[in-house]
There are 2 protein chains.
Amino acid sequence: MRVLGGKWKGSILWHLKNGPVRFNDLARQLGGASKKMVVQRLREMEEAGLVKRKVVSDRPIAVTYEITEFGQTALSFLEELKNWAEKHQI
Amino acid sequence: MRVLGGKWKGSILWHLKNGPVRFNDLARQLGGASKKMVVQRLREMEEAGLVKRKVVSDRPIAVTYEITEFGQTALSFLEELKNWAEKHQI
DNA sequence: CCGTATCCTATGAGATACTG
DNA sequence: CAGTATCTCATAGGATACGG
């Protein structure tokens, strides 16, 4: 729960499942989460080994985040949670 | 996450898996959670249909909490989470 | 015994402005 | 573009005392 809990981590993993995503794209896709929240959660998830940050270019700076193999196992798990929640209509 | 998240809900379900438990016993078994927290979480879990509160006797008052069938599906799920966490040492 | 009441802290979350 | 800084608010969580 410490690693996967909260409002945003699941959505972040979900949006990374098809490959690396740039920071601003990710923040936009999460509509509703401020950039502050996104970066805070990303730092924790990086620390936990769920995602990997990559600086793609300096000047203009470009950063992408991608899901790790470990993050993929967590995502599979969260999809089960989603199925459970939908099955029971909550 | 809204239904199962946080520090205590998993442990509460875990401690109810072998049958009804009285409030004070439950609070003691959760060592570290104040009675206020326990009752707050129990109320939310009752609302969500995960547990059922039963007044076993008036004077002296005795109350037990037991896991519902729905709560059992959540518990199975949380045990998978526990396995996942242990497997990856987090 | 089963809670409430009261007070406190920490943190997730949201809004908005700013910066290298 | 990818963040920081600053502020506010709500809530989880904790400690302790009190009540029916």
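Everything in this summary refers to the structure shown in the same document. (Residues numbered from 1 in each chain as written. Chains lettered and ligands numbered in written order. Predicted model: local features only at pLDDT ≥ 70, side-chain atom pairs only at ≥ 80, totals over all residues. Heavy atoms only, no water.)

The secondary structure content of chain A amounts to 4 helices and 3 strands. Secondary structure of chain A in N-to-C order comes out as α-β-α-α-β-β-α. Taking 2.2 N^0.38 as the reference for a compact globule, 90 residues should give roughly 12 Å; the C-alpha atoms of chain A span a radius of gyration of 13 Å, in line with that estimate. By principal-axis analysis of the C-alpha atoms, chain A measures approximately 50 × 25 × 25 Å. Classification of the 90 residues of chain A by burial places 38% in the buried group. At a minimum sequence separation of 6, the contacts of chain A that also span at least 24 residues come to 43%. Surface summary for chain A: the accessible area is close to 5500 Å², and the carbon and sulfur share equals 50%. Between the mean site of the 16 positive side-chain charges and the mean site of the 10 negative ones, chain A shows a separation of 6 Å. (Helix = DSSP H or I, 4+ residues; strand = E, 2+ residues; numbered from the N terminus. Rg over C-alpha atoms; globule rule 2.2 N^0.38 Å. Buried < 20%, exposed > 50% of the residue type's maximum accessible area, 1.4 Å probe, protein only. Contact = heavy atoms within 4.5 Å. Areas by Shrake-Rupley, 256 points an atom, 1.4 Å probe, with all protein chains shown as cover. Lys, Arg positive; Asp, Glu negative; His and termini not counted. Charge placed at Lys NZ, Arg CZ, Asp CG, Glu CD.)

This part covers the protein's contact with DNA strand D. In the vicinity of DNA strand D lie 19 residues, with Lys 35, Arg 53 and Val 63 of chain A together with Lys 7 and Lys 36 of chain B positioned nearest. Of all atoms in DNA strand D that approach within 4 Å of the protein, 60% are sugar or phosphate atoms. At 3.1 Å, a backbone N or O of Asn 24 of chain A approaches a phosphate oxygen of DNA strand D. Note that a base oxygen of DNA strand D is positioned 2.9 Å from one of the side-chain N or O atoms of Lys 35 of chain A. (Near = heavy atom within 4 Å. Polar contact = N/O pair within 3.5 Å; in protein donor to acceptor, adjacent residues only side chain to side chain.)

A separate point is the sheet that holds strand β1 (residues 21-22) of chain B. Residues and elements named next belong to chain B. Taken together, the 3 strands give an open sheet; going across it, the order is β1-β3-β2, and neighbouring strands pair in antiparallel fashion. The sheet is open, and its two borders are formed by β1 and β2 (51-57), each paired with just one other strand. Sheet topology note: the β2/strand β3 (residues 62-67) ladder contains 6 bridges and is antiparallel. Residue pairing for β3: Val 55 is matched across the bridge by Val 63. Here helix α3 (residues 35-47) sits on the sheet in contact with β2 and β3, set at roughly 115° to β2. (Pairing = 2+ DSSP bridges. Axes fitted to C-alpha atoms, helices over the stretch in contact; angles between N-to-C directions.)

In the neighbourhood of DNA strand C, 19 residues make up the surrounding shell, with Lys 7, Trp 8 and Lys 36 of chain A together with Arg 53 and Val 63 of chain B lying closest. Taken together, the sugar and phosphate atoms account for 62% of what DNA strand C places within 4 Å of the protein. In this structure, a sugar or linking oxygen belonging to DNA strand C sits 3.1 Å away from a side-chain N or O atom of Arg 22 of chain B. Val 63 of chain B has a polar backbone atom sitting 2.9 Å from a phosphate oxygen of DNA strand C.

Compared with the 27 Å implied by 1.5 Å per residue over 19 residues, the 27 Å span of helix α4 (residues 69-87) of chain A between its first and last C-alpha is a close match. Buried residues of α4 of chain A: Phe 70, Gly 71, Ala 74, Leu 75, Phe 77, Leu 78, Leu 81, Trp 84 and Ala 85 of chain A, and no others. On its buried side, α4 of chain A packs onto α1 (9-15) and β3 (62-67) of chain A together with α4 (69-87) of chain B. Positive phi shows up at Gln 89 of chain A, right after α4 of chain A, with a value of about 55°. (Expected span 1.5 Å × (residues − 1).)

On the side of chain B, 16 residues touch chain A, which itself brings 16 residues to the contact. The largest share of the area that chain A buries against chain B comes from Met 1, Phe 77 and Trp 84 of chain A, three residues that together contribute 43% of it. One can count 0 salt bridges joining chain A with chain B. The interface formed by chain A and chain B contains 2 residue pairs in polar contact (both at pLDDT 80 or more). Here the side of chain A that touches chain B is built from residues that sort into 10 nonpolar, 4 polar and 2 charged. (Buried area = accessible area lost by both parts, 1.4 Å probe. Salt bridge = Lys/Arg side-chain N within 4 Å of Asp/Glu carboxyl O. Nonpolar A, V, L, I, M, F, W, Y, C, P; charged D, E, K, R; others polar.)

Purely geometric numbers; function is a separate question.
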